[in-house]
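# Descriptive analysis of the structure
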There are 4 protein chains.
Amino acid sequence: MSHNSFGHLLRVTTWGESHGPAIGCVVDGCPPGIALSETDIQPFLDARRPGTSRFTTQRREPDEVRILSGTFEGRTTGTPISLMIENVDQRSKDYSDVAKAYRPGHADYAYDAKYGFRDYRGGGRSSARETAMRVAAGAVARLIVPGVTIRAWTDELGGDRIDPERFDAEVIGSNPFFCPDPEAAARWENLIDNARKAGSSLGAVVACEATGVPAGWGAPVYAKLDASLAAAMMSINAVKGVEIGDGFAAARLSGEQNADPMRPGVDGPVFLANHAGGVAGGIATGQPVTCRAAFKPTSSILTPVPTITRPDQDGKSEATDISTRGRHDPCVGIRGVPVVAAMMALVLADQFLLHRAQCGT
Amino acid sequence: MSHNSFGHLLRVTTWGESHGPAIGCVVDGCPPGIALSETDIQPFLDARRPGTSRFTTQRREPDEVRILSGTFEGRTTGTPISLMIENVDQRSKDYSDVAKAYRPGHADYAYDAKYGFRDYRGGGRSSARETAMRVAAGAVARLIVPGVTIRAWTDELGGDRIDPERFDAEVIGSNPFFCPDPEAAARWENLIDNARKAGSSLGAVVACEATGVPAGWGAPVYAKLDASLAAAMMSINAVKGVEIGDGFAAARLSGEQNADPMRPGVDGPVFLANHAGGVAGGIATGQPVTCRAAFKPTSSILTPVPTITRPDQDGKSEATDISTRGRHDPCVGIRGVPVVAAMMALVLADQFLLHRAQCGT
Amino acid sequence: MSHNSFGHLLRVTTWGESHGPAIGCVVDGCPPGIALSETDIQPFLDARRPGTSRFTTQRREPDEVRILSGTFEGRTTGTPISLMIENVDQRSKDYSDVAKAYRPGHADYAYDAKYGFRDYRGGGRSSARETAMRVAAGAVARLIVPGVTIRAWTDELGGDRIDPERFDAEVIGSNPFFCPDPEAAARWENLIDNARKAGSSLGAVVACEATGVPAGWGAPVYAKLDASLAAAMMSINAVKGVEIGDGFAAARLSGEQNADPMRPGVDGPVFLANHAGGVAGGIATGQPVTCRAAFKPTSSILTPVPTITRPDQDGKSEATDISTRGRHDPCVGIRGVPVVAAMMALVLADQFLLHRAQCGT
Amino acid sequence: MSHNSFGHLLRVTTWGESHGPAIGCVVDGCPPGIALSETDIQPFLDARRPGTSRFTTQRREPDEVRILSGTFEGRTTGTPISLMIENVDQRSKDYSDVAKAYRPGHADYAYDAKYGFRDYRGGGRSSARETAMRVAAGAVARLIVPGVTIRAWTDELGGDRIDPERFDAEVIGSNPFFCPDPEAAARWENLIDNARKAGSSLGAVVACEATGVPAGWGAPVYAKLDASLAAAMMSINAVKGVEIGDGFAAARLSGEQNADPMRPGVDGPVFLANHAGGVAGGIATGQPVTCRAAFKPTSSILTPVPTITRPDQDGKSEATDISTRGRHDPCVGIRGVPVVAAMMALVLADQFLLHRAQCGT
């Protein structure tokens with residue numbers, strides 16, 4: 001991964017700012033001959049799209065994707081696929097607050113420290129708007145590994161975790177939280193409503209599972225499947241933690257509790273548990289690949305937070321408070337669900353190509 | 001990161017198997033003119049070295065590093081630094097058990113599925129012995145960022161966490177667990193002893209803190225400092241989870257609890273908290289960079305675990321049990337402490353060079 | 001370089017086909033704070049633009065570039081710069097000839113062999129139209145190394161070389177051949193006219209010189225400045241040979257003839273010759289960096305050439321002849337001049353960043 | 001390619017200086033299961049080895065290669081292959097001349113300008129000794145593409161070219177010049193003897209041909225097969241020019257002369273010529289891949305050349321003359337022949353893996 005590109009062989013480069021004319025990405029390295037049109041991508045963008053319920057930001061972006069290159073007569077040609085979404089709902093709002101002071105929890109100060117100045121309109125390049133292109137690229141990636149099924153959901157919201165016993169995959173798409181547990185979904189409505197009324201925000205943990213990943217994908221030592229997943233997930237805005245399989249819980253198990261015993265099966269081994277999350281030594285074992293990503297609460301809150309002004313010409317900052325008005329997700333983790341799934345797809349498609357290069361299948 | 005290389009501009013390539021003649025690495029991209037000799041590297045290897053207490057493996061490797069290239073008259077020349085450690089303590093033990101059946105929790109089956117066969121002696125390339133070269137390379141990396149101080153410790157062992165109130169950095173080096181809390185260290189002796197007697201093993205969580213990291217290091221979007229750290233840590237053997245700053249705990253905080261308020265300071269902003277772990281938008285804020293890595297319990301245990309034999313010529317596996325005799329760490333997380341610190345050093349030195357390239361300082 | 005990306009730290013990814021809706025590129029890694037607008041880029045595109053004289057293709061593309069991201073208030077932000085040119089002059093011509101048979105000298109057969117099918121409209125991705133984005137990216141690169149001056153010209157056309165004694169830099173821009181020798185320019189008019197009338201085409205050699213390159217840029221062993229230049233030049237459509245300094249002529253000199261003697265100067269050494277083309281051991285010496293690129297004659301000619309049809313369902317090809325009607329450059333080398341200069345700029349800006357990363361200046 | 005690594009998927013990292021304890025390389029990404037031992041590599045090193053005739057340097061290095069990792073029971077495991085050669089014949093000669101003044105044509109001044117100082121013993125990292133590891137790595141690469149046959153030879157020496165009519169592949173190995181034309185070989189004996197007696201040196205052009213390369217290997221736009229070859233060849237010490245197919249001569253042909261007409265064949269197309277050198281649009285056409293590399297004359301000559309001393313503490317250089325005594329090749333191009341073949345093998349093996357990744361075969 002380097003700056004704005006991701007992946008070894010399936011290489012995605014994203015560009016664009018929240019308030020520029022458009023955002024886009026280039027997907028390079030896609031195998032040829034795959035049927036691809038905008039309709040393969042749009043549904044995933046629609047799932048991530050803002051403004052679909054009162055629980056997400058009210059910014060209304062149609063997020064209509066266009067394919068500008070890389071296909072011919074409805075199939076990929078093997079050349080770079082350029083995808084673009086025009087930015088539509090850019091309110092000509094007043095950004096003078098954000099221009100003058102740093103919002104804690106945002107990248108405002110860090111960008112300024114790095115680059116000497118920054119595009120402060122809507123977060124510029126640090127806006128989560130960039131993740132739309134990950135979702136678009138992820139839709140392409142899924143077509144490269146058609147045998148793999150990827151499912152992501154909100155596993156925990158504001159500290160309230162789903163009951164695994166009530167996990168129902170069918171429910172995920174039928175509530176605004178991507179919640180697989182109907183009872184948790186009901187509770188979360190209140191959690192979010194209360195947070196929003198209080199001018200506050202909530203964090204979330206998103207879980208993801210990929211089934212159909214053949215044993216053998218991944219590679220030691222620094223291209224490990226789990227290391228690639230960790231980088232992919234941690235590169236998503238607001239993510240502060242990543243787990244593979246049991247993750248931190250594994251550190252509290254004994255060796256025999258944590259073992260995934262094996263038994264002979266019809267088609268390769270049968271595992272009697274999956275604490276490892278489908279990865280051993282950085283290589284897929286054939287079990288479902290599972291991971292979890294922790295999203296911090298949205299940093300843009302109405303509650304004022306102490307901060308400082310941008311240094312003046314003499315390098316002097318003033319103490320002030322800042323509260324972030326505008327249209328913000330009370331919990332960025334929710335719309336992170338399609339993003340997590342997309343990053344899983346991108347990592348797996350890339351690892352598929354890497355594996356095929358070295359091992360031939 | 002690609003297969004056996006790590007880093008963008010400070011690029012480390014490691015090689016070698018547990019039971020080959022030697023292990024080594026090439027550190028490419030090091031700035032010229034830095035004083036470097038074996039004595040700058042050896043102390044870090046000694047800290048990781050096995051056989052120093054009854055709480056780690058009894059394999060006795062002197063792990064003496066040699067610099068084979070890249071220095072002249074005691075200074076780095078800017079050309080690749082080749083480091084090598086000869087493998088000494090390779091017992092001609094009987095590996096037929098491991099050759100015939102897969103050890104659950106190990107990479108045995110995954111390697112076989114990927115490559116069609118594997119070097120089963122001591123884990124071959126998947127052995128944690130590879131991490132010795134990370135430690136050696138990390139020692140070089142530290143010299144590239146002399147203003148940065150890196151400290152790692154065991155934060156939790158077998159589910160028993162240190163008391164942050166009793167944190168004493170001086171204590172870390174004076175017990176066999178890299179434990180900064182003397183009372184926890186005393187408890188852990190029993191935990192480990194009991195695990196070993198029971199033929200079991202324990203997991204651990206290792207924490208790491210880097211101070212002196214200037215605001216501005218790191219880069220959006222896919223070369224984020226935290227994403228690079230996540231990949232670096234997750235690439236360490238046995239690591240199953242990574243957190244930056246508050247990590248998963250941040251997902252349970254409200255927006256205002258999680259904010260790191262800022263106040264004007266003499267030399268840039270003063271932060272009133274560090275939930276973010278010193279990174280915002282993938283870029284360092286100038287606060288200490290903090291992370292935690294979860295190590296699963298050692299997979300090599302005396303307790304027998306159900307497994308299968310390697311498929312015979314007809315592709316048929318048999319059910320069997322396997323227990324791993326030999327000299328193993330009852331808790332691999334302990335010796336992971338110097339490795340975690342080394343990966344932090346490597347990531348930071350690489351990000352320093354990346355930042356200097358783009359921004360000039 | 002990987003597939004459609006070029007450069008280590010200044011990384012350019014191009015996309016787009018000749019007959020798609022647009023072509024574009026993403027320039028990643030540009031330092032922040034550089035003044036940049038479309039007017040910095042457009043003149044270079046205008047120099048390369050087709051249809052400006054009867055000696056180049058009559059296709060009329062305005063080639064108007066738009067900056068879609070990466071700048072704020074007229075300066076680069078350090079984030080990816082997305083550039084796009086809409087394709088305008090796409091005649092709905094009949095491509096059935098090209099669809100059915102392979103044009104010798106073109107990539108038709110090779111693309112088909114690789115990908116199983118191809119976008120045959122105007123060459124698709126293999127069209128020299130892609131080089132427009134190199135020119136656009138090169139314009140950005142020049143701003144990164146403002147102390148460097150790059151000049152390219154046609155050194156030889158149809159086997160007729162300029163007289164170095166008559167070299168006049170002022171003349172380059174005042175004739176349609178980028179020819180620095182007025183007498184050669186006059187001769188070349190006839191050469192081109194005759195070739196076009198005969199339904200034939202001509203090759204050319206393009207020379208390029210960069211002055212102001214500080215000693216020290218470049219790097220051993222596989223990131224050599226001259227190796228990077230060689231790859232950059234050879235990646236341009238129709239280029240079949242690259243020379244640095246004296247190139248092949250150096251192979252015919254004796255050691256003492258080829259030496260570039262040095263004498264003390266006011267500001268570093270003074271070289272008494274520049275057979276080396278400003279590069280030694282892959283590193284700039286401070287002399288002008290010089291190279292030459294050989295362009296083969298345009299493959300699209302009216303003269304029929306024996307070829308085969310695309311295999312039918314039974315894998316059977318027929319013998320046929322093909323002649324390429326349409327609007328083609330009688331000598332692609334001419335419009336290669338701005339492309340060669342752009343690739344020089346991209347390589348040098350990238351090497352500047354690489355050098356600054358490792359050596360600090 | 002980055003600093004000391006070469007290749008995308010078959011990635012070779014070399015290290016070591018002329019007068020260090022050893023030189024070596026790491027070959028990463030090799031497919032598993034390939035039979036490999038030192039005897040597969042040594043013959044290629046022996047062909048390059050110095051001291052085998054009076055026409056090459058009298059330095060006597062046995063150049064015995066050791067495999068330190070990456071194989072198990074005689075087969076590659078898919079993990080990094082570490083190769084090492086100990087430096088044996090390091091005369092404790094007096095390097096004070098070279099330490100004090102810069103040898104024109106060498107990298108002495110450039111290294112100093114870049115790094116601030118340099119290992120001046122025998123050229124340090126800029127020594128052609130590094131190419132031994134390319135030859136070793138190339139021997140591994142050949143095993144990855146067993147269907148490809150690679151042949152290199154000296155095509156021209158001191159301006160005297162072989163007669164293609166007398167080309168006899170059998171003769172290449174039976175004279176000290178890798179010359180396929182017995183009459184030219186006889187002439188070259190005198191040329192070299194005279195040059196050496198005169199304290200001078202000669203250049204050479206090395207040609208290389210790879211047969212059995214399937215149509216489809218290679219990739220647009222910046223990973224072109226010919227662009228990769230150009231970088232590979234230009235990265236060899238002393239190379240100043242590279243041609244693919246007809247190279248510069250193609251720039252002097254007309255379009256119809258340069259066309260490679262096609263006719264239907266039993267197994268794909270039959271080409272009636274190969275001006276293109278087996279590459280179109282950066283992708284192999286199935287014809288032999290041909291290239292030529294121009295080697296400048298050896299810079300180390302007995303004839304004194306004007307130069308300057310290393311700047312003293314006040315930054316002042318003195319004018320002086322330098323002549324390079326010691327054991328040097330009168331024509332470095334000769335021993336470049338196995339190096340050129342090795343780079344061809346490395347590029348092709350890498351492109352094979354890249355192609356298999358994207359296209360599946």
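Computed from a predicted structure; not experimentally measured. Within any chain, residue numbers begin from 1 and follow the written order of that chain's sequence. Naming scheme: in the order in which they are written, chains are lettered from A and ligands are numbered from 1. Since the coordinates come from a predicted model, pLDDT governs what is reported: local features require at least 70, and pairs of side-chain atoms require 80 or more to be given and counted, while whole-chain, interface and lining totals use all residues. Water and hydrogen atoms play no part in the side-chain values, which are based on all heavy atoms of the structure.

### Considerations on the overall build of chain A
- When its secondary structure is counted, chain A shows eight helices and 18 strands.
- Computation of the radius of gyration draws on C-alpha atoms, with the globule rule given as 2.2 Å multiplied by the number of residues to the power 0.38. Rg of the C-alpha trace for chain A: 21 Å, near the compact-globule value of 21 Å for 361 residues, within the 12% margin.
- Principal-axis analysis of the C-alpha atoms places the extent of chain A at approximately 70 × 50 × 40 Å.
- Residues counted as buried form 67% of the 361 residues belonging to chain A.
- Two residues qualify as a contact provided that any one of their heavy atoms is within 4.5 Å of a heavy atom in the partner residue. A separation of at least 24 residues holds for 69% of the contacts in chain A among residues at least 6 apart in sequence.
- Only carbon and sulfur atoms are counted for the fraction: they give 50% of the accessible area of chain A, which is about 11,400 Å².
- Residues scored as charged are limited to Lys and Arg (positive) and Asp and Glu (negative), so that His and the chain ends carry no count. Lys charges are placed at NZ, Arg charges at CZ, Asp charges at CG and Glu charges at CD. One finds the centroid of the 37 positive side-chain charges in chain A at a distance of 4 Å from the centroid of its 41 negative side-chain charges. Helix numbers and strand numbers start at the N terminus; a helix is a DSSP run of H or I with at least 4 residues, a strand a run of E with at least 2. Residue exposure (1.4 Å probe, protein chains only): buried if accessible area is under 20% of the type maximum, exposed if over 50%, otherwise partly exposed. Reported accessibility uses the Shrake-Rupley method at a 1.4 Å probe radius. Residues are deemed covered only where the shown protein chains occlude them.

### Considerations on the relation of the copies chain C and chain D
- Once chain C is rotated about the relating axis by 180° and shifted along it by 0.0 Å, it coincides with chain D to within an RMSD of 0.0 Å. Taken together, the rotation angle and the small translation identify this as a two-fold axis. When the copies are overlaid, the least-squares fit takes in C-alpha atoms only where the residue has pLDDT of at least 70 in both copies.

### Re the sheet that holds strand E8 (residues 149-157) of chain D
- As summarised here, the arrangement of the ten strands in space is E9(C)-E8(C)-E10(C)-E16(C)-E11(C)-E11(D)-E16(D)-E10(D)-E8(D)-E9(D), forming an open sheet in which the pairing is antiparallel. A single partner strand is all that each edge strand has here, and the edge strands are strand E9 (160-161) of chain C together with strand E9 (160-161) of chain D.
- Pairing between strand E11 (residues 239-244) of chain D and strand E16 (residues 289-295) of chain D: five bridges, direction antiparallel. Its bridge partner lying in E16 of chain D, Glu 243 of chain D is registered against Arg 292 of chain D. Being paired, for any two strands, means DSSP has found at least two bridges between them.

### Quick look at the sheet that holds strand E4 (residues 65-67) of chain B
Residue and element names in this part refer to chain B.
- Strand order in the open sheet formed by five strands is E1-E2-E3-E7-E4, with antiparallel pairing between adjacent strands. This sheet does not close on itself; its edge strands, each paired only once, are strand E1 (5-6) and E4.
- One ladder, built from three bridges, connects E4 with strand E7 (residues 81-86); its direction is antiparallel. Residue Val 65 lies in a different strand from E7, and its bridge partner there is Ile 85.

### Considerations on the packing of aromatic side chains
- Here is the rule: rings of Phe, Tyr and Trp (six-membered ring for Trp) pair when centre to centre is within 6.5 Å. Planes less than 30 degrees apart are stacked, more than 60 are edge-to-face, and the remainder are tilted. Summed over all chains, the structure comprises 34 aromatic pairs over all chains.
- Between the aromatic rings of Phe 271 of chain C and Tyr 109 of chain D, the centroid separation amounts to 6.1 Å while the plane-to-plane angle is 65°, which identifies the pairing as edge-to-face. With Phe 271 of chain C in strand E13 (residues 268-271) and Tyr 109 of chain D in helix H3 (residues 108-115), this residue pair bridges two chains.
- You can call Phe 271 of chain C buried: its relative accessible area is 18%.

### Structural notes on the side chain of Asp 181 of chain D
- Along the polypeptide, Asp 181 of chain D turns up in the loop between E9 and helix H5 (182-197).
- Apart from the residues within four sequence positions on either side, Asp 181 of chain D is in contact with Ile 162, Asp 163 and Arg 166 of chain D.

### Points about the interface of chain C and chain D
- Contacts between the two partners involve 100 residues from chain C and, on the opposite side, 100 residues from chain D.
- Buried surface at the junction of chain C and chain D, summed over both partners, amounts to about 7,700 Å²; 63% is from carbon and sulfur atoms.
- Here, a salt bridge means any Lys or Arg side-chain nitrogen found within 4 Å of an Asp or Glu carboxyl oxygen. Summed over the shared surface of chain C and chain D, the number is four salt bridges.
- Of the charged contacts in the structure, one is a salt bridge between Arg 263 of chain C and Asp 321 of chain D, with a shortest N-O distance of 3.5 Å.
- Here a polar contact means two N or O atoms within 3.5 Å. Within protein one must be a hydrogen donor candidate and the other an acceptor candidate, and residues neighboring in sequence count only if both atoms are side-chain atoms. For the interface between chain C and chain D, the tally reads 38 residue pairs in polar contact (both at pLDDT 80 or more).
- At six residues, the largest contribution of residues to the side of chain C that touches chain D is made by helix H3 (residues 108-115) of chain C.
- Amino acid classes used here: Ala, Val, Leu, Ile, Met, Phe, Trp, Tyr, Cys and Pro are nonpolar; Asp, Glu, Lys and Arg are charged; the rest, including Gly, are polar. Here the side of chain C that touches chain D is built from residues that sort into 53 nonpolar, 30 polar and 17 charged.
- Pairing between strand E11 (residues 239-244) of chain C and E11 of chain D: three bridges, direction antiparallel. Looking across to E11 of chain D, one finds that Val 242 of chain C is bridged to Val 242 of chain D. Summed over both partners, the accessible surface that disappears when two parts come together, traced with a 1.4 Å probe, is what is meant by buried area.

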